[in-house]
Amino acid sequence: MRVITLLTDFGMKDSYVGVMKGVILRINPEATVIDLCHEVAPQDILGAAFILKSSYRYFSDGTIHVVVVDPGVGSGRRVVCLRTSRYFFLAPDNGVLTLILQNEKIGEMVEVANGKYFLGEVSQTFHGRDIFAPVAAHLSKGVNLTELGPRISQAPLDSKHLKGQIKQVEIPRVNLRDDGNIEGEVIYIDRFGNLITNIARSDWEELKEKFPHYAVRILVGGKEISRVNKSYAETEPGELLAIFGSSNNLEISLSQGNAHQALGIGLGGKVVVEML
Amino acid sequence: MRVITLLTDFGMKDSYVGVMKGVILRINPEATVIDLCHEVAPQDILGAAFILKSSYRYFSDGTIHVVVVDPGVGSGRRVVCLRTSRYFFLAPDNGVLTLILQNEKIGEMVEVANGKYFLGEVSQTFHGRDIFAPVAAHLSKGVNLTELGPRISQAPLDSKHLKGQIKQVEIPRVNLRDDGNIEGEVIYIDRFGNLITNIARSDWEELKEKFPHYAVRILVGGKEISRVNKSYAETEPGELLAIFGSSNNLEISLSQGNAHQALGIGLGGKVVVEML
Amino acid sequence: MRVITLLTDFGMKDSYVGVMKGVILRINPEATVIDLCHEVAPQDILGAAFILKSSYRYFSDGTIHVVVVDPGVGSGRRVVCLRTSRYFFLAPDNGVLTLILQNEKIGEMVEVANGKYFLGEVSQTFHGRDIFAPVAAHLSKGVNLTELGPRISQAPLDSKHLKGQIKQVEIPRVNLRDDGNIEGEVIYIDRFGNLITNIARSDWEELKEKFPHYAVRILVGGKEISRVNKSYAETEPGELLAIFGSSNNLEISLSQGNAHQALGIGLGGKVVVEML
């Protein structure tokens, strides 16, 4: 048994995901395929990177995480496969692995090029079916990374040496203001309308250390929030709240409601944390 | 092999459901996880209760039904686990099990409290991942209910003794009018726009017994229906019809169309069954 | 292990699909159930036929493909089961298998009628649960086709002899104009807004043979496209393109955008391929 996860922007309207599973099970009937998410906005590389980062480490050792958010399908963009201490990652080389590369120590990294592990006929439009699914299935059967194609780098692949070896996209970083306060932005909006920011728990803890006896004020969409909650339940239904959510990033939520709709704030919307 | 079903309001837009499956398979690689439904409206406890009631009994003996529709996550609300003669139910103690409790004889009922069966770190916002998934996985491996936490009641747990032991929500009941007729309401609307009411087949049979030689008239959204169908096919495309659907409740449908849209009737909409 | 695929118009809003899986696993705990697609537009037989045709052959030999797009549920319409050299197909006899019948050689074809393989109680509204799921599960356990019900025809079932044996729907055909050019139409729109036409790669190759030194002009929604791409990537973001997609039909796409929205063209929209 080997777990393969699929993270795509294919949606569920068509049979693209079902067909990928068909290809996988035809090659390895013992594989267990899990839908990580298929509703990434079409071609949203950053959204996929965030979902992958928040999710991958909850899976068993040896899980093969496959990402097919691939606006460059059919172009010369490479397909890459990484092995870290616990997982495999298979993805187009377009930056979807950026956040993983910051967290994981890479053991091996290859360019996927060996057509022996692809479907017999490779289309120019659906590599999920013709390349990613069969390669993942072969990996799950124990094929070695180095059989998939040439090593990308011989050097130890820590984040310092990765530059130029694999594509990375720019992640919106929090802005530390001169007065010591933090300006972040919304990088993901979930089904409940929670506005997930790029402000990490560590940013917040640093700020609290610098201003130990100060009160907090969080500014978002013209509203103010005066504390950081430990749970949704501390706040009355219908009230705005700020909380470090399941991804350890600061989230703006509306208790039993939808903050995204209520505030009219979208991706890139500013969130400021001030100590007063 | 043990089947675990998941019924949540997480939707498919994010990776919340995928992550729950990752946690389950990491603990029990042999578990089979089935999506019962993830599109319960956010925090709609009654909707979840209805879906669970209509669905649970089609699964194998020993299936573990997990419900995570949990507006109170992070508050003091308890998590409960029940064993009935055929199934396990794991859910927040917020009323989502109300309809199950009316049907099933409970063998055992505990409060889930033993952190040994939770993920190492428990967030205040995502108990689906941190509590429900790992507990379900451990149950599927054979852990006893009593290891999960203290028994909720020693008494035989029939519906008479349940009051105060576990939270129950008020279910809209049909209203028997003085003239003997029935007033019900829409309690669920499905993908096809079928308006599912709280009028059970038994209510209808009782009414027919009381008025054996009468004709029926069903009033909904200003329209009249003059019989109860046995199948959709008895009615011409585009016509309204009333039928006892797959959940054994009276449904108002539009043959090959969408009754919800055509009538402009939503949840709580009145449906009257009269004998003339 | 036997793979069962499900193709329905049930959507994911309700538990209809989950319940079908429960029924299948209760009868055959070893079955692997794959969602081919559940977002077929309600009662869209042609859409289901197209998805099935594009998808079925990527699955393992012996896969049981189940289609429940079934506006005639509860009417006298038959349920049919076919065996071809590699697959089983189980569907209502309403035309959803039309495109399969053009490609596959049928070994055996029966009317599903033996109630022994149905759920104990068969509703008039949910045959997916009461008939299709249990029959598929029994098939996956090795039950012979002929145990399911009477053979539909003794004759060799090639496309010539199928007429009248099983229902077929009319598929929009490309129109060959007097000047040799092709007029096709949009028969499917996918999640990305790609407009998939009924113009097959073979139509295009025939046209090119007839007019070997001509230039191509593709007309759609008042726009012109002057070549057929090999990949999306040959075209700048935001530009319209024509390409033979993963189903080998001509598709109109907007590079990194949504052609359906940009052109305002829907199902049935005209696409003309001219040689100049």
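Residues numbered from 1 in each chain as written. Chains lettered and ligands numbered in written order. Predicted model: local features only at pLDDT ≥ 70, side-chain atom pairs only at ≥ 80, totals over all residues. Heavy atoms only, no water.

1. Regarding the packing of aromatic side chains
Convention followed: Two rings belonging to Phe, Tyr or Trp (six-membered ring only in the last case) form a pair when the distance between their centres is within 6.5 Å. Interplanar angles under 30 degrees mark stacking, angles over 60 mark edge-to-face geometry, and anything in between is tilted. In DSSP terms, a helix is any run of H or I states spanning at least four residues, a strand is any run of E spanning at least two, and both are numbered starting from the N terminus. Any residue under 20% of the maximum accessible area for its type is buried, any over 50% is exposed, and the rest in between are partly exposed; the area is computed with a 1.4 Å probe on protein chains only. Over a ring means this: the NZ of a Lys or the CZ of an Arg is within 6 Å of the ring centre and within 35 degrees of the ring normal.
Inspection of every chain in the model, using the stated rule, returns 27 aromatic pairs over all chains. Here the aromatic rings of Tyr56 of chain A and Tyr87 of chain A are separated by 5.7 Å at their centres, their planes lie at 80 degrees, and the arrangement is edge-to-face. Highlighted residues: Tyr56 of chain A in the loop between helix H2 (45–55) and strand S3 (64–68) and Tyr87 of chain A in the loop between strand S4 (79–84) and strand S5 (88–92), separated in sequence by 31 residues. As far as the burial class goes, Tyr56 of chain A and Tyr87 of chain A line up, both buried. Three or more aromatic residues joined by ring pairs make a cluster, and in this case those are Phe10, Tyr16 and Phe126 of chain A together with Phe192 of chain C. Taking the ring centre of Tyr188 of chain A as reference, the NZ or CZ of Lys13 of chain B above it sits at 4.7 Å.

2. Considerations on the relation of the copies chain B and chain A
Operational definition: To line up the copies, we fit them by least squares on C-alpha atoms, keeping just the residues with pLDDT of at least 70 in both.
Aligned on chain A, chain B shows an RMSD of 0.0 Å; the corresponding rotation is 120 degrees and the shift along the axis is 0.0 Å. Here the two chains are linked by the operation of a three-fold rotation axis.

3. Quick word on the sheet that holds strand S6 (residues 106–111) of chain B
Keep this limit in mind: At least two DSSP bridges between two strands are required for those strands to pair. To get an axis, fit a line to the C-alpha atoms, keeping to the stretch in contact for a helix; angles then go from 0 to 180 degrees between the N-to-C directions. Any two residues whose heavy atoms approach within 4.5 Å at even a single point are treated as in contact.
Ordered by their spatial adjacency, 6 strands build an open sheet running S2-S1-S3-S5-S4-S6 (chain B), and the pairing between neighbours is mixed. Here the strands that pair on one side only, and so sit at the sheet edges, are strand S2 (31–37) and S6 of chain B. Averaged over all adjacent pairs, the angle separating strand axes in this sheet is 20 degrees, with direction ignored. When strand S4 (residues 79–84) of chain B meets S6 of chain B, the two strands line up antiparallel, connected through 5 bridges. Bridge pairing in S6 of chain B links Thr84 of chain B to Ile106 of chain B. Lying over the sheet, helix H1 (residues 16–27) of chain C contacts strand S1 (2–8) and S2 of chain B, oriented at roughly 145 degrees with respect to S2 of chain B.

4. Section: the sheet that holds strand S6 (residues 106–111) of chain C
Residue and element names in this part refer to chain C. Strands sit in the order S2-S1-S3-S5-S4-S6 across an open sheet of 6 strands; the sheet is mixed. The sheet terminates laterally at strand S2 (31–37) and S6, the two strands that pair on one side only. For this sheet, the mean inter-axis angle between neighbouring strands, taken without regard to orientation, is 20 degrees. Here strand S1 (residues 2–8) runs beside S2; their pairing, made up of 6 bridges, is parallel. The residue of S2 that forms the bridge with Leu6 is Asp35.

5. Points about the domain arrangement of chain A
Residue and element names in this part refer to chain A. The line we're drawing: Domain boundaries shown here were taken from an automatic or database domain assignment. Note on definitions: buried area is the accessible-area loss of two parts on being combined, 1.4 Å probe, summed for both. Should a side-chain nitrogen of Lys or Arg be within 4 Å of a carboxyl oxygen of Asp or Glu, the pair is scored as a salt bridge. Note on residue categories: nonpolar means Ala, Val, Leu, Ile, Met, Phe, Trp, Tyr, Cys or Pro, charged means Asp, Glu, Lys or Arg, and polar means any other residue, Gly included.
For chain A, the assigned domains read domain 1 (2–162) and domain 2 (175–275). The C-alpha centroid of domain 2 is placed 32 Å from the C-alpha centroid of domain 1. With 5 residues of domain 1 at the contact, the number on the domain 2 side is 6 residues. Buried surface at the junction of domain 1 and domain 2, both sides included, amounts to about 480 Å², of which 67% is carbon and sulfur. Seen at the junction of domain 1 and domain 2, the total is 0 salt bridges. Within the side of domain 1 that touches domain 2, the residues separate by chemical class into 3 nonpolar, 1 polar and 1 charged.

6. Comments concerning the interface of chain A and chain C
Filter applied, for reference: We define a polar contact as two N or O atoms separated by no more than 3.5 Å, with the added condition that, inside protein, one atom must be a possible hydrogen donor and the other a possible acceptor, whereas residues neighbouring each other in sequence contribute only through side-chain atom pairs.
Across the contact, 31 residues belong to chain A and 31 residues belong to chain C. Taken together, chain A and chain C are joined by 1 salt bridge. Here Glu39 of chain A ties to Arg191 of chain C by a salt bridge, and the two come within 3.4 Å at their closest N and O atoms. At the junction of chain A and chain C, the tally comes to 14 residue pairs in polar contact (both at pLDDT 80 or more). If one sorts the elements of the side of chain A that touches chain C by residue count, helix H1 (residues 16–27) of chain A sits on top with 8 residues.

7. A few points about the relation of the copies chain A and chain C
Of the transformation placing chain A onto chain C, the axial shift is 0.0 Å and the rotation is 120 degrees, giving an RMSD of 0.0 Å. When the interface residues of chain A are mapped onto chain C, a mere 3% of them again fall at the interface, so the copies present different faces.

8. Remarks on the interface of chain B and chain A
Note on interface size: it is often stated as the accessible area lost on association of the parts. Listed as interface residues are 31 residues of chain B and, on the opposing side, 31 residues of chain A. Here chain B packs against chain A, burying approximately 2,600 Å² in sum over the two surfaces, 58% of which is carbon and sulfur. The largest share of the area that chain B buries against chain A comes from Lys13, Arg26 and Thr125 of chain B, three residues that together contribute 22% of it. There are 1 salt bridge connecting chain B and chain A. At the boundary of chain B and chain A, one finds 14 residue pairs in polar contact (both at pLDDT 80 or more). It is helix H1 (residues 16–27) of chain B that provides the largest number of residues to the side of chain B that touches chain A, a total of 8 residues.

9. As for the state of the cysteines
Stated precisely, the cut-off is as follows: In this description, a disulfide is simply a cysteine sulfur pair whose atoms lie within 2.5 Å.
Under the criterion given, the structure shown has 0 disulfides over all chains. Free cysteine Cys37 of chain B: the closest other cysteine sulfur is in Cys37 of chain A, separated by 16 Å.

10. Comments concerning the packing of H1 of chain C against helix H4 (residues 127–140) of chain C
When two helices pack together, their arrangement is given by the angle between the helix axes and by the axis-to-axis distance. Residues and elements named next belong to chain C. For the record, the criterion: If you view the pair so one helix is near and one far, a crossing is left-handed when the near helix is turned anticlockwise from the far one by less than a right angle, and right-handed when it is turned clockwise.
Their axes nearest at 8 Å, the elements H1 and H4 cross at an angle of 35 degrees. Judged by the sense of rotation from one axis to the other, the crossing of H1 with H4 is right-handed. Mapping the contact onto sequence places Val19, Met20, Val23, Ile24 and Ile27 in H1 and Gly128, Arg129, Phe132, Ala133, Pro134, Ala137 and His138 in H4.

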